[in-house]
Amino acid sequence: MNNNLISNNITFLQLLSSESKVCNCCGNLEWNPLNKIEIPIIQRDYAQGRTGKEEDRNNFLETLKNTLIQNTKLELDFVYGSIKDKVFQPLDGQQRLTTLFLLHWFIAIKENKLNDELKKLLTKFTYETRTSSREFCEELINKGIDYNQKDNISEQIIDNSWFFLSWKRDPTIKSMLTMLDSIEQKFRDTTEVWGKLNNISFYFIELQDFGLSDDLYIKMNARGKPLTDFENFKAKFEQHITKNHWEKDITNPQETFTHKIDTNWTDLFWQYKDENNKIDDNFLKFFSTIAILNYAQNKEIFENLEEEIEIKKILKKKNKSKNVTEDAVKKERIEIRITELANNYKAITPKDFPTAISFDFLKKCLEYYSKDDNDKISLELNLWDITKSGNLFVNSIKINENTTYKTRVLFYAQTLFFLNKSSDLISFNNWMRVVRNIVENSTIDSAAMFISAIDLINELSDGCFDIYGYLSQNNIKSGYSKVQVEHEVIKAKLISGIEGDRWKKLIFENEDHQMYKGVIRFLLDNNENLEIFEKWSNRANYFFANDGIIEKYKKNALLLRALVSQFKDWNQFNALDYDCEKGTWSNILRNEKLIPKFQKLLETNDEADLRKMLLIDSTIEDEKLRLVHEDLYKTKILMAIEKRTRLAKNYNNYVLYPYNAKVDWKKYIVGSERNKILSDKINEEIITFKNENQQLKSNGELIPFFWGLDIPFIYNKVEYIWDRNNKIIKVSTKEEFVVEEFCWEK
């Protein structure tokens with residue numbers, strides 16, 4: 001062709017071929033044969049067969065029919081676009097070309113004209129918009145149907161073995177089937193019109209040296225429907241696969257990514273379509289999940305020199321070091337990219353699969369979950385608050401599911417198990433139980449922690465088919481979640497040892513408890529006796545329900561006070577919140593400082609035994625701390641204070657204060673003689689308070705404790721302050737009095 005704008009009146013078949021025996025309507029027009037007509041990715045779906053287009057469709061087909069029956073000429077305006085490497089991509093005319101393609105195919109099968117030569121011509125017309133659209137056109141031509149006039153032609157096509165049911169959801173194919181039904185209805189009774197199809201022509205214009213970029217299509221083809229985020233991603237991803245030659249050894253086209261993404265894998269995701277029958281976001285979220293997992297397990301990322309330079313500068317400044325290694329830069333980039341994808345699944349790009357290994361893992365995941373209802377796998381485990389859904393695949397694709405680093409770790413563990421070719425559900429649930437316990441009791445709130453968790457799961461996966469045997473016989477190298485892993489090892493050794501079945505039953509029952517959530521150290525520390533374990537677990541179940549302490553032990557803070565009565569040193573006093581909330585007790589049962597004290601409560605037989613603990617005098621040698629100790633468990637102070645109250649040293653005092661207390665008047669001193677004196681003077685009506693709420697109450701009853709580090713009071717109509725340094729100060733004169741010398745007279 002020359003380099004000028006080419007405009008010729010041409011037929012559909014002539015656009016496909018220069019063979020005069022196929023089309024001789026235009027004389028000896030010089031024509032370089034095209035390899036194909038390709039509807040580009042950026043073009044909208046075929047629309048003339050859509051619902052709502054019935055009138056336009058009928059009018060257009062009626063015009064075509066009249067042209068053929070009356071043997072007249074019909075020109076269909078301009079079709080123009082770009083030719084590159086003998087591939088024509090129309091900028092305008094897609095809809096007309098597709099309808100002409102369908103009309104030629106239908107007339108050919110109806111009049112028995114579809115020979116091998118014509119098939120070869122028609123297969124030059126193809127869609128790049130979707131793989132499914134392209135494959136449908138190929139199958140329609142090469143395998144076709146045994147046409148009959150009894151059934152709708154769309155039904156005859158769908159009933160063929162080569163038709164994938166998922167294709168019914170492709171909007172272009174759906175529209176083509178509708179158009180074919182309309183063509184059949186319009187042309188059913190016509191005869192011998194094949195030779196007249198060359199009466200239908202259009203003006204073909206080639207736009208030379210006019211690169212058809214995506215932006216150009218969007219600007220010039222305003223009627224087009226923009227591609228979705230996933231359609232854009234998929235098209236670029238297919239190019240990414242081709243560029244990297246990742247499927248060069250695949251000989252069966254049906255095994256390629258391009259084929260499966262529009263067939264088997266679409267069927268998988270279609271089950272989870274949204275209310276608008278869309279699955280694009282589900283695909284994007286899943287691809288993003290797999291990319292995140294790949295980054296964490298493979299530690300590879302695409303090249304980006306500009307970003308690498310910038311990250312290196314940041315790390316030098318951050319670490320105050322000139323020596324920043326390439327590994328450090330790569331690690332930082334991976335963590336940043338994981339964070340970006342975790343926060344926005346739509347940020348996924350083909351470059352997030354930088355290696356053949358990462359692509360292979362993606363395909364394996366899609367293959368596994370698309371077969372044998374594997375996407376329906378639900379754990380026979382309580383996942384507590386990690387996820388409300390027991391289906392980790394669903395959590396990884398549904399945009400209304402809260403997908404966290406923790407759920408991704410669980411999904412990764414599940415996927416590794418099944419990709420290792422095991423289907424033993426007992427082994428699977430044992431494996432996932434251990435992973436669940438680790439995930440629940442670990443901090444995974446950053447990309448760095450997530451990578452560490454994935455590293456641990458990778459190490460443990462070597463024994464995923466017999467996780468208890470593996471844990472009991474191997475040293476775990478990963479330092480991540482070391483405390484919980486050590487706890488799992490202890491449980492594994494008991495389950496794998498003598499009376500393992502009994503241990504397994506009791507351990508499973510207890511670690512599933514909502515209060516314990518996989519941590520039962522309070523039953524196992526300093527104890528490997530099965531009978532004691534069973535006794536303690538039964539006693540603990542008297543204390544705790546799934547939502548926290550049972551009411552009779554919560555009332556009057558009985559269980560908390562009994563626990564405090566066993567304290568011996570300051571490290572125990574400052575190790576907890578002084579309340580009866582579920583979270584507080586969950587922390588107590590995990591605290592190595594407090595577990596031995598709680599185990600003494602497990603040795604009690606009933607409520608009376610707990611109450612006896614409250615009557616025993618403290619044996620702490622430090623006098624001040626001993627007074628504090630007895631205040632905490634012998635009085636009603638723990639019944640009166642707010643939730644999440646802590647104990648701290650404040651100068652010469654021990655102070656209880658709510659976690660959010662920012663002012664001194666919200667704090668109260670314990671273990672002080674001041675409390676008893678002020679309480680006595682109030683009872684004797686010697687003093688009063690300006691603030692009637694100065695003194696604490698428990699169930700409406702005043703108790704000998706007071707708000708504030710400094711306590712204002714009125715004595716003989718004069719205002720004083722008893723301050724935190726144990727001095728009484730006359731407010732008006734600032735005169736100070738020694739407490740022992742202060743004269744209290746009624």
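Being a predicted model, the structure only gives us computed values, none of them experimental. (Residues numbered from 1 in each chain as written. Predicted model: local features only at pLDDT ≥ 70, side-chain atom pairs only at ≥ 80, totals over all residues. Heavy atoms only, no water.)

**Side note on the sheet that holds strand β9 (residues 645-650)**
Pairing in this open sheet of three strands is antiparallel, and the strands run β9-β10-β11 from one edge to the other. Two strands close off the open sheet at either side, each with one partner strand: β9 and β11 (668-670). Geometrically, the sheet is characterised by an average inter-axis angle of 40° between neighbouring strands, direction not taken into account. Across six bridges, the pairing between β9 and strand β10 (residues 653-658) is antiparallel. By the bridge assignment, R646 is partnered in β10 with Y657. (Pairing = 2+ DSSP bridges. Helix = DSSP H or I, 4+ residues; strand = E, 2+ residues; numbered from the N terminus. Axes fitted to C-alpha atoms, helices over the stretch in contact; angles between N-to-C directions.)

**Remarks on the sheet that holds strand β12 (residues 687-688)**
What the five strands build is an open sheet, ordered β12-β15-β16-β17-β18; its pairing is antiparallel. Looking at the sheet topology across the chains shown, the edges are occupied by β12 and β18 (736-738). Two strands pair when backbone bridges link them, and strand β15 (residues 711-715) and strand β16 (residues 718-722) are joined in this way by five bridges, in the antiparallel orientation. Each bridged residue has a counterpart across the sheet, and for P712 the counterpart in β16 is I721.

**Some details on the environment of F106**
Here F106 shows up in helix α3 (residues 94-110). Residues contacting F106, with those up to four places away along its chain left out, are Y147, I153, I183, E184 and F187. (Contact = heavy atoms within 4.5 Å.)

**Thoughts on the environment of R724**
Mapped onto the fold, R724 is located in the loop between β16 and β17 (727-730). Along the sequence, R724 and D710 sit 14 residues apart, while their C-alpha atoms lie 5.4 Å from each other. What R724 contacts, discounting residues up to four positions off in sequence, is Y651, N653, D664, R674, L709 and D710. There is a polar contact of 2.9 Å between the side chain of R724 and the side chain of D664. (Polar contact = N/O pair within 3.5 Å; in protein donor to acceptor, adjacent residues only side chain to side chain.)

**Points about the nonpolar core**
Core analysis: the biggest nonpolar cluster contains 144 residues, and F286, F287 and Y578 have the highest contact counts within it. Looking at this core, the element that brings in the most residues is helix α12 (residues 280-298), giving ten residues. If sequence neighbours within four positions are ignored, F287 has contacts with F230, F233, F237, F257, I261, I348, F353, L362 and L366. Grouped together as the second largest cluster of nonpolar side chains are 58 residues, L102, Y127, L140 and I153 included. (Core = buried A, V, L, I, M, F, W, Y, C linked by side-chain atoms within 4.5 Å. Buried < 20%, exposed > 50% of the residue type's maximum accessible area, 1.4 Å probe, protein only.)

**A closer look at the pairing of strand β4 (residues 87-92)**
Burial runs high along β4: six of the six residues are buried. By the bridge criterion, two bridges tie strand β2 (residues 36-39) to β4 in an arrangement that is parallel. Note on β4: the bridge partner recorded for I37 is F88. Where strand β3 (residues 74-84) meets β4, five bridges bridge the pair, whose relative direction is antiparallel. Bridge assignment links K84 to a residue of β4, and that residue is V87. The antiparallel hairpin formed by β3 and β4 contains two residues in its connecting segment, where D85 sits at a positive phi of about 55°.

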